[in-house]
Amino acid sequence: MTGVVPSRHHDIAEDLRRQITTGRIQPGERLPSEAVLADRYKVSTVTLRNALAVLQGEGIVEKIHGKGNFVRRPVRKIMYVGGWGTLDPWTAAAAPLRVTIRSATVRAHGHLTTLLKVPTGSPLAEFTCVSLEGDAPHGLARIYIPRDLVPAGVLDDESTCRETVTRFAVLGPSPAAVRETVCARQPTPDEASALRIGSAPPVLAITRVATDPTGRVVEAALLAFPGDRVDAVFTTHHMTDERQTQG
């Protein structure tokens, strides 16, 4: 650490940023405690926290509850492939992502009744999935399926459906249509907590609705990815008008 004594929080942020970008403080390294840094820069802990908040908002520093502030490691991007909905496992040559899965039965309410076109109170299976590289989250998926349509043995260790869940893919039988709505927005408090990001960095949010040939919604998924950690790819197949080809 240098002996510079900035007078304002953005000066402190600039000094720490310089040390990080020049390699004086290494990726993954834990910063000294807030009290130690505040004493070193001769400022209050409030000013020091404001400086750290600047770096956290830029994605340079990550605050892990109960452990402290750490320099973020270089970001590894993943790829979300639209249409079928899946995380591309070949995006990087590094170790594959690990996905945690939590399941529960919930009752449809609010926007879920609209997305799945079911009455309020209808039973739904909810799958909450978080993709991680080491301890760093890369994506969050909440997948909802009408309870009577949940594939058998979906969470069995040997189930092929479990592999599908870990890739954030459409879980049930191949749907007749998949509609995806994509936007960039600020994360909700739950998303910011699960993805361990602040409220400033935007997320890429995808709402995916799959329907069967009768038009029944068989699955709705709410996906959120930190904006700097994902590329989304959508491929459109243009249909040729047979009347033109036969003319």
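Just so we're clear, the structure is a prediction, and the values are computed from it rather than from any experiment.

About the cut-offs
- Residues numbered from 1 in each chain as written.
- Predicted model: local features only at pLDDT ≥ 70, side-chain atom pairs only at ≥ 80, totals over all residues.
- Heavy atoms only, no water.
- Salt bridge = Lys/Arg side-chain N within 4 Å of Asp/Glu carboxyl O.
- Helix = DSSP H or I, 4+ residues; strand = E, 2+ residues; numbered from the N terminus.
- Buried < 20%, exposed > 50% of the residue type's maximum accessible area, 1.4 Å probe, protein only.
- Pairing = 2+ DSSP bridges.
- Expected span 1.5 Å × (residues − 1).
- Arc of directions from axis to C-beta.
- Contact = heavy atoms within 4.5 Å.

A closer look at the pattern of salt bridges
Applying the stated rule across the entire model yields twelve salt bridges. Between R17 and E14 there is a salt bridge, with the nearest N and O atoms lying 2.4 Å from each other. Of the two residues, R17 and E14 both sit in helix α1 (residues 9-21), three residues apart, roughly one turn of that helix. When the shortest N-O distance is used, the salt bridge between D15 and R18 registers 3.2 Å. Here D15 pairs with R18, and both are found in helix α1, just three residues apart, close to one helical turn. A residue is classified by how much of its surface remains accessible, and R18, at 42% relative accessible area, is partly exposed.

Digging into the sheet that holds strand β4 (residues 86-87)
What the three strands build is an open sheet, ordered β4-β3-β11; its pairing is mixed. Across the chains shown, the open sheet's two edge strands, defined by having one partner strand only, are β4 and β11 (230-233). As paired elements, strand β3 (residues 78-81) and β4 share two bridges and run antiparallel to each other. Note that in β4 the partner of Y80 across the bridge is L87.

Topic: helix α3 (residues 45-57)
If you check α3, its first and last C-alpha atoms are 18 Å apart, about what 13 residues at 1.5 Å a residue would give, namely 18 Å. Taken together, the buried positions of α3 are L48, A51, L52 and L55. Angular distribution of buried residues about the axis of α3 spans 95°; they occupy a single face of the element. Considering only its buried residues, α3 is in contact with α1, α2 (34-41), β1 (61-64) and β2 (68-71).

Concerning unusual backbone geometry
Even without glycine at this site, K42 takes up a positive phi of about 60°. Following the sequence through the fold, K42 ends up in the loop between α2 and α3. Take K42: its relative accessible area is 61%, and that puts it in the exposed class. A positive phi angle, near 60°, is found at F168, a position not held by glycine. Positionally, F168 belongs in the loop between α5 (160-166) and β8 (177-185).

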